[in-house]
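So the chains spell out like this:
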Amino acid sequence: MLSKWRSVGFVSSLRSNKARARESAACNSLATSFVRRLASEGEPPQQMAHHFLQDLLTRLATHAPRPALLYNDHTCTYAELAAAAKCCAAWLQSQRVDNGDRVALVTPNKLPFLIGHLGVLLSGGVPLPLNPRFTREELRYFLTDSGAKVVIAGPDQQPLLA
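The structure presented is a predicted model; accordingly, all values stated were derived computationally and were not measured. (Residues numbered from 1 in each chain as written. Predicted model: local features only at pLDDT ≥ 70, side-chain atom pairs only at ≥ 80, totals over all residues. Heavy atoms only, no water.)

**Here we look at the overall build of the chain**
If you tally the helices and strands in the chain, you get 8 helices and 6 strands. In sequence order, the chain lays out its α and β elements as β-α-α-α-α-β-β-α-β-α-β-α-β-α. For the chain, the proportion of its 162 residues judged to be buried stands at 39%. Sequence separation of 24 or more characterises 71% of the internal contacts of the chain that already satisfy a separation of 6 or more. For the chain, the exposed area adds up to about 9,100 Å²; of that, 54% sits on carbon and sulfur atoms. (Helix = DSSP H or I, 4+ residues; strand = E, 2+ residues; numbered from the N terminus. Buried < 20%, exposed > 50% of the residue type's maximum accessible area, 1.4 Å probe, protein only. Contact = heavy atoms within 4.5 Å. Areas by Shrake-Rupley, 256 points an atom, 1.4 Å probe, with all protein chains shown as cover.)

Below is the structure:
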């Protein structure tokens, strides 16, 4: 039984501008807390400016209005991608994902995978992409061997985790 792992079916629904604004406001402090966390861990400020996650957040903000990708006939902007990733990261932190914790990603859907991957990175976790075609036994092996704390799974993969 794989029920010892907490799993979530992270399905990104592209919401109205008002809903996205509320979510963005709720998740907006994540980047600031990330920089504070780096500083509290003793990383010198001159090195913090060159941290790849800070660079990623800067680039997402710089290109915010530009299209990032096309998914199911909807163009997703860098701002939408960043807001969804920050919300995913905030949720993962609420699930007590800490620096270095592994989070398994088991979904064939590209946008939820990308959001989950970025969210794991922003939360301080380590993304562990797994093949969504794995059998229950293969998933059990990789989840046990990796020590994954949380699993982000697609709807077809969730029954394998029950």
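The rest of the description comes next.
**Description of the packing of helix α4 (residues 52-62) against helix α6 (residues 110-123)**
At a closest axis distance of 10 Å, the pairing of α4 and α6 adopts a crossing angle of 130 degrees. What the angle tells us is that α4 and α6 run oblique. When you trace α4 past α6, the crossing you get is left-handed. Of the residues in α6, those in contact with Phe52, Leu53, Leu56 and Leu57 of α4 are Leu118, Leu121 and Leu122. When grouped by side-chain class, the residues that make up the contact of α4 with α6 number 7 nonpolar, no polar and no charged. (Axes fitted to C-alpha atoms, helices over the stretch in contact; angles between N-to-C directions. Parallel < 35°, antiparallel > 145°, perpendicular 65-115°, else oblique. Left-handed = near helix turned anticlockwise from the far one by under 90°. Nonpolar A, V, L, I, M, F, W, Y, C, P; charged D, E, K, R; others polar.)

**Some details on the nonpolar core**
If you look at the biggest cluster of nonpolar residues, it comprises 22 residues, and the most contacted ones within it are Leu81, Leu92, Val103, Ile115, Val120, Leu122 and Ile152. In terms of residues, this core owes the most to one element, helix α5 (residues 78-94), which gives 7 residues. Of all hydrophobic cores here, the second largest spans 10 residues; its members include Val106, Leu139, Leu143 and Ala148. (Core = buried A, V, L, I, M, F, W, Y, C linked by side-chain atoms within 4.5 Å.)

**Comments concerning unusual backbone geometry**
Positive phi, close to 65 degrees, is recorded for Asp73, a residue that is not glycine. Unlike most non-glycine residues, Arg96 shows phi in positive territory, near 70 degrees. Checked against the element boundaries, Arg96 lands in the loop between α5 and β4 (102-106). Arg96 sits in the exposed class, given a relative accessible area of 66%.

What is shown is where atoms sit, not what they do.
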